[in-house]
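# Structure assessment
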Amino acid sequence: DSVSPEFNRGSFCYLPYILYAAEKERTTDTRLFENFSASDLDTLPKGEDIHYWIALWSHTQIEHVKTLVRFLPGRVAVFGYKPLIESLKLPQLQISDEMIRLGIQNYVQHFDEFKQILLSDCDMHLKGLEGQVYPMFTSYGCPNGCAFCPATTNQPRRVVLDEHSVMTHLILMAALGRTNIHFTDEDFFFDTCRVKQIVDFLLVRKQAGTVFNFIALASRHTLHKFISRYGSTCLVDAGFKLIEVGLETASDSLAASMGKTNAGECARLAELCSVPILWLTMTFYPGETIATLR
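Just so it is clear, the structure is predicted and the values come from calculations on it, not from any experiment. (Residues numbered from 1 in each chain as written. Predicted model: local features only at pLDDT ≥ 70, side-chain atom pairs only at ≥ 80, totals over all residues. Heavy atoms only, no water.)

### Quick word on unusual backbone geometry
What counts is decided by this rule: Each helix is a run of H or I in the DSSP string that is no shorter than four residues. Each strand is a run of E no shorter than two, and both are numbered from the N terminus. The cut-offs for exposure are 20% and 50% of the maximum accessible area for each residue type, with area from a 1.4 Å probe on protein chains only; residues under the lower value are buried, those over the upper are exposed, and the others partly exposed.
Phi is positive for H125, which is not a glycine, with a value near 65 degrees. Within the secondary structure layout, H125 lies in the loop between α4 (97-106) and β3 (134-136). What makes H125 partly exposed here is its relative accessible area of 34%. Positive phi, close to 60 degrees, is recorded for E248, a residue that is not glycine. Residue classification places E248 among the buried residues on the basis of a relative accessible area of 10%.

Dropping the structure here:
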């Protein structure tokens, strides 16, 4: 995983850790090199029988990746943001959904082995809430197809952990004292019944003395569907401290070109949701003007 000045990770930027966790389940002879630069080339194990997997999730990594593809002696494949890899005509690693599932099912067990995994999720994004926050996937990928989103372009099929696996992860995180959690799903609320089962589990754990603090991402319609059916008090009681929702734009014409609905549903959510909402907005989308901003 080459060095990059970017410090906000999400989606496919986590693939070095997800794939490492998956491979450690299949073979213990797996090593992860983080913040890698060209000057580190001589520190790598060499051999024609070695498989080298190289992460490319940022434009700033391109020259490092090209150098490694050129000079490494074994079988080399690149993973990360597929459109970028394809545009550069680099050898691409084929990643199955099962490999992703195996990785997100096991990577929480490897936090102590990682240097950079906490970069984008290290705090609760709120004043008054202290302590380290840990990222955790219960699903990976997104089929929504929003025109601006690289996550859905890279992984249009959602890979999902079952509720039992999610609950097992939460028990493990609590045992390790990691009760501040950022759910890194593109949309944690994609399945209303699944979320309700997880929330009910959290409420039982809270009665037993385990208190979590959560951040989660949601799309406006899935969160509205959950709150319309179950209300938002249960989310507050379960430990949800912040929900990030894509507002993107209040302009109907821009929203339509993005593949989003209008902002009216966001206004209703603002009235209904007891959990604070961080509204994610977008600037410089094609067609934006001073009028659409207003």
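What follows picks up the thread again.
### A closer look at the sheet that holds strand β7 (residues 213-218)
Cut-off, in case you're wondering: One requirement defines pairing of two strands: DSSP has to find at least two bridges between them. Fitting a line to C-alpha atoms yields each axis, with helices limited to the stretch in contact; the angle taken between N-to-C directions then spans 0 to 180 degrees. Contacts between residues were defined by any pair of non-hydrogen atoms, one from each residue, lying within 4.5 Å.
In space, the five strands of this open sheet follow the order β3-β6-β7-β8-β9, with parallel pairing throughout. Of all strands in the sheet, those with a lone pairing partner are β3 and β9 (277-281), marking the two edges. When strand polarity is set aside, the average angle formed by the axes of neighbouring strands in this sheet is 25 degrees. Where β3 and strand β6 (residues 180-183) come together, three bridges link them in parallel fashion. Considered in β6, the bridge of Y134 is made with I181. Across the sheet, helix α6 (residues 163-175) lies against β3, β6 and β7, angled at about 165 degrees from β3, the strand it touches most. Taken strand by strand, helix α11 (residues 264-272) contacts β8 (240-248) and β9, and its axis lies near 165 degrees from that of β9.

### Structural notes on the side chain of T30
Put simply, the rule reads: Polar contact is the term for a pair of N or O atoms within 3.5 Å; when the atoms are in protein, one must be able to donate a hydrogen and the other to accept it, and sequence-neighboring residues count only if both atoms are side-chain atoms.
Mapped onto the elements, T30 comes out in the loop between α1 (15-26) and β1 (51-56). Its relative accessible area of 16% is what places T30 among the buried residues. Polar side-chain contacts of T30 include one of 3.1 Å to the backbone oxygen of T27. Excluding anything up to four places from it in sequence, T30 contacts Y20, E23 and K24.

### Remarks on the environment of T283
Tracing the backbone through its elements, the reader meets T283 in the loop between β9 and α12 (290-293). Taking C-alpha positions, T283 is 22 Å from L269, a pair spaced 14 residues apart along the chain.

### What about the pattern of salt bridges?
Definition in use: What makes a salt bridge here is a side-chain nitrogen of Lys or Arg within 4 Å of a carboxyl oxygen of Asp or Glu, nothing more.
Enumeration over the complete set of coordinates arrives at six salt bridges. The partner of R9 in a salt bridge is D1, and the shortest N-O contact between them spans 3.1 Å. For D1, a relative accessible area of 12% gives the class buried. Between R101 and E98 there is a salt bridge; the shortest N-O distance is 2.8 Å. Within this pair, R101 and its partner E98 are both found in helix α4, separated by three residues, close to a single helical turn. A residue is classified by how much of its surface remains accessible, and R101, at 26% relative accessible area, is partly exposed.

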